[in-house]
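Examining the three-dimensional arrangement
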2 protein chains.
Amino acid sequence: MEPGQVGEKDIDQQRRRFALEAMELLERTGEEVTRARLAAELNIARARMEAVFPEEGDLLEAITAEWFAPKIAVMDEVMGSGLPPRRKMYEFFARRFALLRKNFQDDPATFRLYVEMGERYFEYAQSYVDLGDHYLCELIAEAQADGHLAGMDVDYARSVINQMVLSYIQPYLIAMIGDRLSEDKLAHIVDAIFDGLDAKDGGARGTGKLHAA
Amino acid sequence: MEPGQVGEKDIDQQRRRFALEAMELLERTGEEVTRARLAAELNIARARMEAVFPEEGDLLEAITAEWFAPKIAVMDEVMGSGLPPRRKMYEFFARRFALLRKNFQDDPATFRLYVEMGERYFEYAQSYVDLGDHYLCELIAEAQADGHLAGMDVDYARSVINQMVLSYIQPYLIAMIGDRLSEDKLAHIVDAIFDGLDAKDGGARGTGKLHAA
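Residues numbered from 1 in each chain as written. Chains lettered and ligands numbered in written order. Predicted model: local features only at pLDDT ≥ 70, side-chain atom pairs only at ≥ 80, totals over all residues. Heavy atoms only, no water.

For chain A, an unreviewed UniProt entry supplies the name Tetracyclin repressor-like C-terminal domain-containing protein and the organism Qipengyuania vulgaris.

Focus on the layout of surface pockets
Of the pockets and cavities examined, the largest pocket occupies roughly 1,700 Å³. What lines the largest pocket is a set of 49 residues, and nearest its centre among them are A:Glu119, A:Phe122, A:Gln170, A:Pro171 and B:Met176. At nine residues, the largest contribution of residues to the lining of the largest pocket is made by helix 7 (residues 122-145) of chain A. Reported here for the second largest pocket is a volume of approximately 1,100 Å³. Considering the residues around the second largest pocket, the lining is formed by 39 residues, among which B:Phe122, B:Val129, B:Ile169, B:Gln170 and B:Pro171 are closest to the centre. Among the elements of the structure, helix 10 (171-177) of chain A together with helix 4 (56-79), helix 5 (85-106), helix 6 (108-120), helix 7 (122-145), helix 8 (154-164), helix 9 (166-169) and helix 10 (171-177) of chain B are those that each provide at least two residues to the lining of the second largest pocket. The element contributing the most residues to the lining of the second largest pocket is helix 7 of chain B, with nine residues. When its residues are assigned to classes, the lining of the second largest pocket shows 24 nonpolar, eight polar and seven charged. (1 Å grid on protein atoms, 1.4 Å probe; cavity = no way out; pocket = protein on both sides within 12 Å on 5 of 7 lines; lining within 4 Å. Points joined across faces, edges and corners; volume = space filled by probe spheres on them. Helix = DSSP H or I, 4+ residues; strand = E, 2+ residues; numbered from the N terminus. Nonpolar A, V, L, I, M, F, W, Y, C, P; charged D, E, K, R; others polar.)

Focus: the environment of B:Gly132
Residue and element names in this part refer to chain B. Here Gly 132 lies in helix 7. Expressed as a C-alpha distance, the spacing of Gly 132 and Val 52, which sit 80 residues apart in the sequence, is 28 Å. Setting aside anything within four residues of it in sequence, one finds Gly 132 in contact with Met 75 and Phe 92. (Contact = heavy atoms within 4.5 Å.)

Overview of empty space enclosed by the protein
The final tally for this structure, using the stated rule, is one cavity of 30 Å³ or more. Estimates place the volume of the largest cavity at around 30 Å³. Residue lining of the largest cavity: A:Gly196, A:Asp198, A:Lys200, A:Gly202, B:His188, B:Asp191 and B:Asp195, and that is the complete set. Of the residues forming the lining of the largest cavity, the biggest block, three residues, is contributed by helix 11 (residues 183-196) of chain B.

Concerning the domain arrangement of chain A
Residues and elements named next belong to chain A. According to the domain assignment, chain A contains domain 1 (7-54) and domain 2 (57-196). Centre-to-centre separation of domain 1 and domain 2, based on C-alpha positions: 29 Å. Counting from both sides, the interface comprises 17 residues of domain 1 and, opposite them, 13 residues of domain 2. Together domain 1 and domain 2 conceal approximately 1,300 Å² of surface at their shared face, both sides included; 66% is due to carbon and sulfur atoms. Contact with domain 2 buries surface across domain 1, with Met 23, Leu 26 and Glu 32 losing the most and accounting together for 43% of the total. Run the count over domain 1 and domain 2 and you get two salt bridges. Across the salt bridge formed by Arg 16 and Glu 66, the nearest N and O atoms sit 2.9 Å from each other. Inspection of the domain 1/domain 2 interface yields three residue pairs in polar contact (both at pLDDT 80 or more). Residue assignment for the side of domain 1 that touches domain 2 shows that the elements contributing at least two residues are helix 1 (3-29) and helix 2 (35-42). (Domains from an automatic or database assignment. Buried area = accessible area lost by both parts, 1.4 Å probe. Salt bridge = Lys/Arg side-chain N within 4 Å of Asp/Glu carboxyl O. Polar contact = N/O pair within 3.5 Å; in protein donor to acceptor, adjacent residues only side chain to side chain.)

Shown next, in the form of structure tokens:
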């Protein structure tokens, strides 16, 4: 192994370790954590902290990565499961929902702080949201191969489906209306996606003739 | 007319007028309005303001009523329209969505302030939310009379449907993801509700046999 690679690995390990320490501190204090605060807490020099996180944003990015890691793990697991599309889409949303609900119930105050941070520093979460969307597009293609979501543009279907299940994947909503959410209701929504969502105009908008023209 | 009734009417008119003045002030300053601040602005005595709004919450309640009035007007209009259930449910959500989107686009900062106030003083908004739910239950009963939402408990269907269209009726979400929302997507969601949502287990949850047992 090249010396350079060892250094990279060391830095990566330190980033993870410091991010986990920052999350512990954040949970304990109920406040956002800066590099300076974390260096003081760990009793290490600012210079060492800055070698690991050159910018304040690098710490936030590392925290975001740790926060999303278990959600990505369940998505990966579901995507590799070989379940039929309908079951797979349900598990794709349901397992993340169960995880988020548990995070919330374990520590509502810390959960709300992460939600606020997520709103403020959305740029760091973007790649995880994009990964979820990428997987959802795969699920849509699998559903279409089975005759569901007929004729729908994949990206359009992704957007509509994300809206239909938003309460189950958006941390803010889980904190706010979590007591009204359930796996049973989510299953009914996923069944409605598979049995009632397609490209044709079903008549809700009342413009069928215009669209057909 | 009894003198007492005249007084009631006068107070009602003053409540409305002061609430509208408070909303103008709020829009201009970008801050919440108290009775003291409003009395100073209108150059009237605190005692007169307190005769109209005995408690601080009475001002908030009057502002809430004014904010919801146009949304209730469109709901009333749709409920009395005689449209078939699928069209009616679409219009029920779409017209409120169009109104909220316009409110947001006209003045995003003020819209966000109302959203924050709505979260803080949710008690005042509760009766309006309840009215919307009451109407939605009527719509569900009409849809069921036409063979849709088969076998579903009305209150359960109300909860699931509110979740499916949440992005289109929740002001916070309209402010946050408004650019991804459209009448066309909402129409597809309502069509999925009418064509794919019912009491039976469609298989998403993968517990069909357990439920059937």
